[in-house]
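Structural overview
Single-letter residue listing:
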Amino acid sequence: MNRFSRMAGGLADWLLYTPDGVCPICRRVLFFTDDWLCASCRSQLSHNSGETCVRCGASLRNGEDSVCVSCSGLDGSEMLSGGFIWLRYKSGCGAIVRRIKSGSAPQLGQICGREMGREMNAGGFIELTGPDVLIAAVPLHPDRLVERGYNQSRMLAQGIAETTGFELAPEDSFRRIRKTPHQAWLGRKERMSNIRGAFSAAPGVFSGRTVLIVDDVKTTGATLVSAAGAILSAGANKVYCACLTDAA
Ligand SMILES: [Zn+2]
Ligand SMILES: [Zn+2]
(Lines give C-alpha, C1' and ligand atoms only; values in the text may rest on other atoms or scores of the structure.)
(Ligands and ions follow the chains in the order given, each with its own letter.)
Protein backbone atom coordinates (compact mmCIF):
# COMPACT_ATOMS: atom_id res chain seq x y z
CA MET A 1 0.00 0.00 0.00
CA ASN A 2 1.48 3.39 -0.90
CA ARG A 3 1.84 6.18 1.56
CA PHE A 4 -1.08 8.17 0.19
CA SER A 5 -3.63 5.33 0.25
CA ARG A 6 -2.41 4.34 3.73
CA MET A 7 -3.02 7.91 4.91
CA ALA A 8 -6.38 8.10 3.12
CA GLY A 9 -7.39 4.77 4.67
CA GLY A 10 -6.24 5.98 8.07
CA LEU A 11 -8.23 9.18 7.69
CA ALA A 12 -11.35 7.23 6.67
CA ASP A 13 -10.98 5.03 9.76
CA TRP A 14 -10.38 8.08 11.92
CA LEU A 15 -13.59 9.69 10.65
CA LEU A 16 -15.50 6.42 11.14
CA TYR A 17 -14.26 5.97 14.69
CA THR A 18 -13.36 8.88 17.02
CA PRO A 19 -16.72 8.95 18.83
CA ASP A 20 -14.84 10.79 21.57
CA GLY A 21 -11.72 11.74 19.61
CA VAL A 22 -9.31 9.92 21.93
CA CYS A 23 -7.02 6.92 21.55
CA PRO A 24 -8.95 3.81 22.72
CA ILE A 25 -5.90 2.62 24.70
CA CYS A 26 -4.22 5.62 26.36
CA ARG A 27 -7.15 8.10 26.02
CA ARG A 28 -4.84 10.78 24.60
CA VAL A 29 -6.56 13.15 22.15
CA LEU A 30 -6.05 11.90 18.60
CA PHE A 31 -4.49 13.90 15.82
CA PHE A 32 -5.79 13.03 12.35
CA THR A 33 -2.48 11.52 11.23
CA ASP A 34 -2.75 9.11 14.19
CA ASP A 35 -5.21 6.84 12.39
CA TRP A 36 -7.76 5.46 14.91
CA LEU A 37 -5.05 4.69 17.45
CA CYS A 38 -2.21 6.97 18.52
CA ALA A 39 1.17 6.23 16.97
CA SER A 40 2.74 5.37 20.32
CA CYS A 41 0.08 2.77 21.24
CA ARG A 42 0.16 1.34 17.72
CA SER A 43 3.90 0.78 17.99
CA GLN A 44 3.40 -1.11 21.26
CA LEU A 45 0.77 -3.56 20.00
CA SER A 46 2.20 -7.05 19.96
CA HIS A 47 1.25 -9.13 16.94
CA ASN A 48 0.93 -12.88 16.95
CA SER A 49 3.90 -14.23 15.02
CA GLY A 50 6.18 -17.19 14.49
CA GLU A 51 4.98 -20.80 14.39
CA THR A 52 1.26 -21.09 15.04
CA CYS A 53 -1.14 -23.86 16.02
CA VAL A 54 -2.50 -25.66 12.93
CA ARG A 55 -5.97 -25.67 14.50
CA CYS A 56 -6.60 -22.32 16.22
CA GLY A 57 -3.70 -20.13 15.04
CA ALA A 58 -2.29 -19.39 18.52
CA SER A 59 1.47 -18.83 18.76
CA LEU A 60 3.20 -22.06 19.73
CA ARG A 61 5.25 -22.02 22.91
CA ASN A 62 8.33 -24.00 23.78
CA GLY A 63 7.64 -27.72 23.65
CA GLU A 64 4.45 -27.43 21.59
CA ASP A 65 4.59 -29.23 18.25
CA SER A 66 2.11 -27.99 15.59
CA VAL A 67 -0.88 -28.10 17.99
CA CYS A 68 -1.09 -25.81 21.03
CA VAL A 69 -1.67 -27.24 24.53
CA SER A 70 -5.13 -25.68 24.63
CA CYS A 71 -6.25 -27.45 21.43
CA SER A 72 -4.61 -30.77 22.27
CA GLY A 73 -6.63 -30.89 25.50
CA LEU A 74 -9.92 -29.95 23.87
CA ASP A 75 -12.29 -32.56 22.41
CA GLY A 76 -13.30 -31.61 18.88
CA SER A 77 -10.55 -29.03 18.26
CA GLU A 78 -9.57 -31.05 15.16
CA MET A 79 -12.75 -29.64 13.58
CA LEU A 80 -10.79 -26.39 13.15
CA SER A 81 -8.74 -26.53 9.95
CA GLY A 82 -6.68 -23.49 10.88
CA GLY A 83 -6.82 -20.13 12.57
CA PHE A 84 -5.65 -16.54 12.64
CA ILE A 85 -5.09 -14.64 15.89
CA TRP A 86 -4.25 -10.99 15.40
CA LEU A 87 -2.76 -9.64 18.66
CA ARG A 88 -1.16 -11.02 21.77
CA TYR A 89 -3.19 -10.24 24.86
CA LYS A 90 -0.89 -7.77 26.53
CA SER A 91 -0.12 -4.08 26.71
CA GLY A 92 -2.89 -2.19 24.92
CA CYS A 93 -4.82 -5.14 23.55
CA GLY A 94 -6.89 -5.57 26.71
CA ALA A 95 -8.06 -1.96 26.50
CA ILE A 96 -9.18 -2.48 22.89
CA VAL A 97 -11.13 -5.61 23.85
CA ARG A 98 -12.82 -3.87 26.79
CA ARG A 99 -13.73 -0.96 24.55
CA ILE A 100 -15.24 -3.00 21.71
CA LYS A 101 -17.33 -4.90 24.29
CA SER A 102 -18.34 -1.83 26.25
CA GLY A 103 -21.43 -1.16 24.17
CA SER A 104 -20.20 2.31 23.24
CA ALA A 105 -17.81 1.63 20.36
CA PRO A 106 -19.31 -0.58 17.62
CA GLN A 107 -17.16 1.07 14.94
CA LEU A 108 -13.94 0.20 16.74
CA GLY A 109 -14.62 -3.51 16.21
CA GLN A 110 -15.19 -2.90 12.52
CA ILE A 111 -11.92 -0.98 12.22
CA CYS A 112 -10.02 -3.75 14.02
CA GLY A 113 -11.67 -6.25 11.66
CA ARG A 114 -10.39 -4.31 8.66
CA GLU A 115 -6.85 -4.47 10.01
CA MET A 116 -7.23 -8.20 10.66
CA GLY A 117 -8.42 -8.70 7.08
CA ARG A 118 -5.48 -6.71 5.70
CA GLU A 119 -3.04 -8.84 7.65
CA MET A 120 -4.75 -12.03 6.53
CA ASN A 121 -4.38 -10.86 2.92
CA ALA A 122 -0.74 -9.91 3.42
CA GLY A 123 0.12 -13.14 5.22
CA GLY A 124 -1.73 -15.34 2.69
CA PHE A 125 -3.91 -16.81 5.44
CA ILE A 126 -3.94 -20.57 4.71
CA GLU A 127 -6.09 -21.72 1.80
CA LEU A 128 -8.78 -19.14 2.29
CA THR A 129 -9.37 -18.10 -1.31
CA GLY A 130 -12.23 -18.30 -3.72
CA PRO A 131 -15.93 -17.60 -3.79
CA ASP A 132 -16.91 -20.49 -1.49
CA VAL A 133 -15.48 -18.73 1.58
CA LEU A 134 -18.13 -17.43 3.96
CA ILE A 135 -17.55 -15.38 7.12
CA ALA A 136 -19.74 -15.94 10.19
CA ALA A 137 -19.47 -14.17 13.54
CA VAL A 138 -19.96 -16.08 16.79
CA PRO A 139 -23.46 -14.95 17.75
CA LEU A 140 -24.58 -13.51 21.08
CA HIS A 141 -27.74 -14.72 22.73
CA PRO A 142 -30.57 -12.33 21.75
CA ASP A 143 -30.87 -11.09 25.37
CA ARG A 144 -27.20 -10.14 25.46
CA LEU A 145 -27.48 -8.53 22.04
CA VAL A 146 -30.22 -6.27 23.40
CA GLU A 147 -28.06 -5.39 26.45
CA ARG A 148 -25.06 -4.37 24.34
CA GLY A 149 -26.86 -3.11 21.26
CA TYR A 150 -24.50 -4.87 18.86
CA ASN A 151 -22.45 -8.05 18.54
CA GLN A 152 -18.78 -7.07 18.73
CA SER A 153 -17.74 -10.22 16.83
CA ARG A 154 -20.16 -9.32 14.05
CA MET A 155 -18.48 -5.88 13.81
CA LEU A 156 -15.06 -7.58 13.52
CA ALA A 157 -16.49 -9.92 10.85
CA GLN A 158 -17.86 -6.96 8.90
CA GLY A 159 -14.43 -5.33 8.84
CA ILE A 160 -12.76 -8.59 7.77
CA ALA A 161 -15.32 -8.99 4.97
CA GLU A 162 -14.59 -5.46 3.74
CA THR A 163 -10.85 -5.94 3.36
CA THR A 164 -10.76 -9.59 2.28
CA GLY A 165 -13.75 -9.47 -0.07
CA PHE A 166 -15.22 -12.67 1.43
CA GLU A 167 -18.97 -12.92 1.74
CA LEU A 168 -20.51 -12.28 5.17
CA ALA A 169 -23.24 -14.74 6.22
CA PRO A 170 -26.61 -13.17 7.10
CA GLU A 171 -26.78 -12.53 10.84
CA ASP A 172 -29.84 -14.76 11.34
CA SER A 173 -28.22 -17.76 9.61
CA PHE A 174 -26.04 -18.52 12.64
CA ARG A 175 -27.71 -18.18 16.01
CA ARG A 176 -27.17 -18.87 19.68
CA ILE A 177 -30.15 -21.00 20.67
CA ARG A 178 -29.32 -21.51 24.32
CA LYS A 179 -28.39 -18.88 26.88
CA THR A 180 -25.12 -19.93 28.49
CA PRO A 181 -23.82 -18.61 31.81
CA HIS A 182 -20.74 -16.41 31.60
CA GLN A 183 -17.73 -18.64 31.03
CA ALA A 184 -15.23 -16.60 33.00
CA TRP A 185 -15.38 -18.63 36.21
CA LEU A 186 -15.61 -22.05 34.60
CA GLY A 187 -12.80 -24.55 34.11
CA ARG A 188 -11.95 -26.13 30.76
CA LYS A 189 -14.32 -29.13 31.04
CA GLU A 190 -17.20 -27.05 32.40
CA ARG A 191 -16.78 -24.57 29.56
CA MET A 192 -17.13 -27.29 26.95
CA SER A 193 -20.30 -28.74 28.48
CA ASN A 194 -21.63 -25.22 29.11
CA ILE A 195 -21.31 -24.26 25.46
CA ARG A 196 -22.11 -27.57 23.72
CA GLY A 197 -25.28 -27.39 21.62
CA ALA A 198 -25.52 -23.62 22.08
CA PHE A 199 -25.45 -22.80 18.36
CA SER A 200 -27.58 -23.47 15.32
CA ALA A 201 -26.53 -22.87 11.70
CA ALA A 202 -28.81 -22.78 8.63
CA PRO A 203 -27.92 -25.62 6.19
CA GLY A 204 -29.18 -23.57 3.24
CA VAL A 205 -26.46 -20.99 3.92
CA PHE A 206 -23.50 -23.08 5.10
CA SER A 207 -23.78 -26.27 3.04
CA GLY A 208 -20.73 -26.77 0.81
CA ARG A 209 -18.98 -23.61 2.05
CA THR A 210 -15.58 -22.99 3.62
CA VAL A 211 -16.40 -20.99 6.73
CA LEU A 212 -14.31 -18.49 8.69
CA ILE A 213 -15.73 -18.15 12.21
CA VAL A 214 -14.93 -14.81 13.86
CA ASP A 215 -14.77 -14.21 17.62
CA ASP A 216 -13.23 -11.46 19.73
CA VAL A 217 -11.22 -13.43 22.32
CA LYS A 218 -10.18 -17.07 22.21
CA THR A 219 -9.82 -18.42 25.75
CA THR A 220 -10.06 -22.21 25.95
CA GLY A 221 -11.37 -22.55 22.39
CA ALA A 222 -14.57 -24.27 23.63
CA THR A 223 -16.82 -21.64 22.02
CA LEU A 224 -15.03 -21.90 18.66
CA VAL A 225 -15.23 -25.70 18.69
CA SER A 226 -18.93 -25.69 19.55
CA ALA A 227 -19.58 -23.12 16.81
CA ALA A 228 -17.51 -25.18 14.33
CA GLY A 229 -19.55 -28.29 15.21
CA ALA A 230 -22.84 -26.53 14.43
CA ILE A 231 -21.53 -25.17 11.13
CA LEU A 232 -20.10 -28.53 10.02
CA SER A 233 -23.43 -30.17 10.95
CA ALA A 234 -25.07 -27.67 8.60
CA GLY A 235 -22.94 -29.11 5.78
CA ALA A 236 -19.87 -26.84 5.62
CA ASN A 237 -16.75 -28.39 4.07
CA LYS A 238 -14.21 -26.84 6.41
CA VAL A 239 -14.12 -24.37 9.26
CA TYR A 240 -11.38 -21.89 10.11
CA CYS A 241 -11.34 -19.29 12.86
CA ALA A 242 -10.13 -15.72 13.31
CA CYS A 243 -9.91 -13.95 16.67
CA LEU A 244 -8.72 -10.53 17.73
CA THR A 245 -6.67 -12.05 20.53
CA ASP A 246 -6.31 -15.13 22.74
CA ALA A 247 -5.86 -16.03 26.41
CA ALA A 248 -7.45 -13.07 28.13
ZN1 LIG B 1 -2.67 5.77 22.61
ZN1 LIG C 1 -4.60 -24.29 19.11
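Sequence positions are assigned chain by chain, starting from 1 and proceeding in written order. Each chain takes a letter, starting from A, and each ligand takes a number, starting from 1, following the order in which they are written. Note on the predicted model: pLDDT of at least 70 is required for a residue's local features to be given, and 80 or more for side-chain atom pairs to be given and counted; whole-chain, interface and lining totals, by contrast, use all residues.

Looking now at the packing of helix 4 (residues 93-100) against helix 5 (residues 106-123). The interhelical angle for the contact between helix 4 and helix 5, taken along N-to-C directions, is 130°, at an axis separation of 8 Å. As far as their axial angle goes, helix 5 and helix 4 are oblique. Each of Ile-96, Arg-99 and Ile-100 in helix 4 lies in contact with helix 5, whose residues at this interface are Leu-108, Gly-109 and Cys-112. Residue classes in the contact of helix 4 with helix 5 are distributed as four nonpolar, one polar and one charged. All axes here are fitted lines through C-alpha atoms, helices being fitted over the stretch that makes contact, and every angle between N-to-C directions spans 0 to 180 degrees. Each helix corresponds to a stretch of at least 4 residues labelled H or I by DSSP, and each strand to a stretch of at least 2 residues labelled E; elements are numbered beginning at the N terminus. Each angle is binned into one of four classes, with values under 35 degrees roughly parallel, values over 145 roughly antiparallel, values of 65 to 115 roughly perpendicular, and all other values oblique. Remark: residues whose backbone-derived C-beta atoms lie within 7 Å of one another are considered to be in contact. Residues are grouped as follows: Ala, Val, Leu, Ile, Met, Phe, Trp, Tyr, Cys and Pro are nonpolar; Asp, Glu, Lys and Arg are charged; all remaining types, including Gly, are polar.

Next up on the list: the pairing of strand 7 (residues 238-246). On any regular strand, side chains alternate: one points to one face of the sheet, the next to the other face. Working definition of burial: number of other C-beta atoms within 10 Å of the residue's own, with buried at 20 or more, exposed at 12 or fewer, and partly exposed in between, all C-beta atoms being placed from the backbone. Among the nine residues that make up strand 7, nine are buried, leaving the element largely enclosed by the rest of the structure. Whether two strands pair depends on DSSP finding at least two bridges between them. Here strand 1 (residues 80-87) pairs with strand 7 via five bridges, running parallel. What sits directly across from Leu-87, in strand 7, is Thr-245. For strand 6 (residues 210-218) and strand 7, the ladder comprises eight bridges, and the chain directions are parallel. Along strand 7, the bridge assignment pairs Val-214 with Ala-242. Whether a crossover is right-handed depends on one test, that the path from the first strand over the helix to the second runs clockwise when the strands point away from the viewer. As for the winding sense of the linkage, the β-α-β connection from strand 6 through helix 10 (residues 222-233) to strand 7 is right-handed.

Take the confidence of the model for the protein next. Residue-level confidence of the predictor is summarised by pLDDT, bounded by 0 at the bottom and 100 at the top. Put simply, the protein has an average pLDDT of 87, and 87% of its residues get 70 or more. Within the protein, strand 2 (residues 133-137) carries the highest mean pLDDT (97), whereas helix 1 (residues 3-16) carries the lowest (64).

Turning our eyes to something else, we now look at helix 10. In this model, helix 10 (12 residues) spans 17 Å end to end at C-alpha, consistent with the 16 Å of a helix rising 1.5 Å per residue. Most of helix 10 is tucked away: nine of the 12 residues are buried. Those residues of helix 10 that fall on the buried side of the exposure criterion are Ala-222, Thr-223, Leu-224, Val-225, Ser-226, Ala-227, Ala-228, Ala-230 and Ile-231. Helix span, as expected, comes to 1.5 Å for every residue beyond the first.

Take the environment of Met-79 next. By the element assignment, Met-79 lies in the loop between helix 3 (69-72) and strand 1. The class for Met-79 is partly exposed, based on 19 C-beta atoms found within 10 Å. In this structure the C-alpha to C-alpha distance between Met-79 and Tyr-240, which are 161 residues apart in sequence, comes to 8.6 Å. With near-sequence residues (within four places) excluded, Met-79 lies in contact with Val-225, Ala-228, Gly-229, Leu-232 and Val-239.

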